[in-house]
Each structure stands twice: as C-alpha cells, then as structure tokens.
Amino acid sequence: MRQYFEKNKKYWIGVSVTLLSISLGGIMFFSSGNSIDASDSLYKQELAKEGESVVEINETVALTEDLSVVGNKTLTGDGNLDLNGTITVTSGSTLTVDDVVTVNTNAEKPGIIIETGASVVLDGTMLTNCTYGIKNYGTVEVKNVAITDCADHSVYNVGTLTGTNLTITTSADLCVANGGAFDVDGLTVSGSFSKGIYNN
C-alpha cells in the first residue's frame, strides 16, 4: 500500500494490504507496511527513508543520535522531542514541525540544519539548548516559534527565512546572523546580547 499526504488529506492506494499505524513510546508512525518502534536506529530509518510519513509525538521522547530527514516528513503532536543531537534536513527534502512543544537539543550542536535546496516549516514550536537554533542554507517558514538558550546564534541564515511571530531569548553575544533573505513579521528579541540582528 502507498500513502500520500496533501494539505492534511490522506490518500491510500491498494486493496489487499492494511495500512500499519503503530504507537510506541509516545510516537505514532504512519508507514506503508513497515513496523517501526521508538529506538534510535529505527527512528533514524523512518526519517531518512524516501517518501512521505508523519510521526506523532504526544509525550517526552528522548533520542540520543543525530537525525537526517529525507523526503517529506512531518512531526506533530503536543509532546516534547528531547534530542541529544542535530536534525539535518537534506537537499530536496521538507520537514514540517507542527505543534511539537519543545525540541531540546545538545548545547554543543545546532538544533536544525537546513541544507541548500531543503525546506522547513516550524509551527508552534520551541527550540532550546543548542549552539544554533536554526542554521539555514535553504528555506524556512516560522509561525509562532520560540528559540531560547542558544550558546551561539539563535538563528544563522544564509538562505530564506520568513514568517510571523518569532520570539528569541538569549544570553549569547550574537542573536541573529543574516546573510540571506530575512523577513519575519512580529520578531521579538530579548536577553543580554551584544548584537540583535546583523548582516554578514
């Protein structure tokens, strides 16, 4: 069976195979016939395989490895993703993070890296405890996003970053480094920084 997602509509093709929907450890995977659990390696496989899938997180889920996103992936739910690493969205891929409350990463690593040709939509999300909250070489859209407690830049942008209602709280010297297109309506920056937004 193959599964398609388009503007919150789901389409299934096939009559003899049942769609597998598995919920383990607060994560629900919608996948075309593959049994997935919440271990690091299989979680990485789900995000790294080509195609479209949705991962629902409704509690705190702790993972210890870096994650790479290939294809069109959605993280959704009202839980927390406690990730000791970096999410890298690879060129040609799309990641949507929808209402996952907090993505908490390692203070020595970036939170989300968006490669050239990749795109990310962050909607109702908080990024916290990373070197860079967003490190963007591609395209990012933010909607009601908070970035807190980043050790270096909260946002490093050399791609295109647009959206509404981005709140940044930081004690780092540098807040937003922009070398691309940056257009956010409703940007709030607070904390003990020396530079808020600067073009490099």
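Residues numbered from 1 in each chain as written. Predicted model: local features only at pLDDT ≥ 70, side-chain atom pairs only at ≥ 80, totals over all residues. Heavy atoms only, no water.

A.B. asks: Run through the pattern of salt bridges, naming residues and quoting values.
C.D. replies: Where charged atoms of side chains with opposite charge meet at close range, the side chains can pair. Taken as a whole, this structure holds two salt bridges when the rule is applied. Between Asp-66 and Lys-109 there is a salt bridge, and its shortest N-O distance comes to 3.3 Å. With Asp-66 in the loop between β6 (60-63) and β7 (67-69) and Lys-109 in the loop between β12 (102-104) and β13 (112-114), this residue pair connects regions lying 43 residues apart in the sequence. Judged by its relative accessible area of 35%, Asp-66 falls in the partly exposed class. For Glu-141, the salt bridge is made with Lys-143, and the minimal N-O distance between the two is 3.9 Å. On the basis of relative accessible area, Glu-141 is assigned to the partly exposed category, the value being 33%. (Salt bridge = Lys/Arg side-chain N within 4 Å of Asp/Glu carboxyl O. Helix = DSSP H or I, 4+ residues; strand = E, 2+ residues; numbered from the N terminus. Buried < 20%, exposed > 50% of the residue type's maximum accessible area, 1.4 Å probe, protein only.)

A.B. asks: Tell me about unusual backbone geometry, residues and numbers included.
C.D. replies: The backbone phi angle of Asp-149 is positive, close to 60 degrees, even though this residue is not glycine. Topologically, Asp-149 is positioned in the loop between β17 (139-148) and β18 (155-157). Positioned with a positive phi, Asn-165 is a non-glycine residue whose angle comes to about 60 degrees. For Asn-165, the position within the fold is in strand β19 (residues 160-170).

A.B. asks: So what's going on with the state of the cysteines? Residues and values would help.
C.D. replies: Tallying each qualifying case throughout the model produces zero disulfides. For Cys-150, which is in no disulfide, the shortest distance to another cysteine sulfur is to Cys-130 and amounts to 3.9 Å. (Disulfide = S-S within 2.5 Å.)

Purely geometric stuff here, so don't read any function into it on its own.
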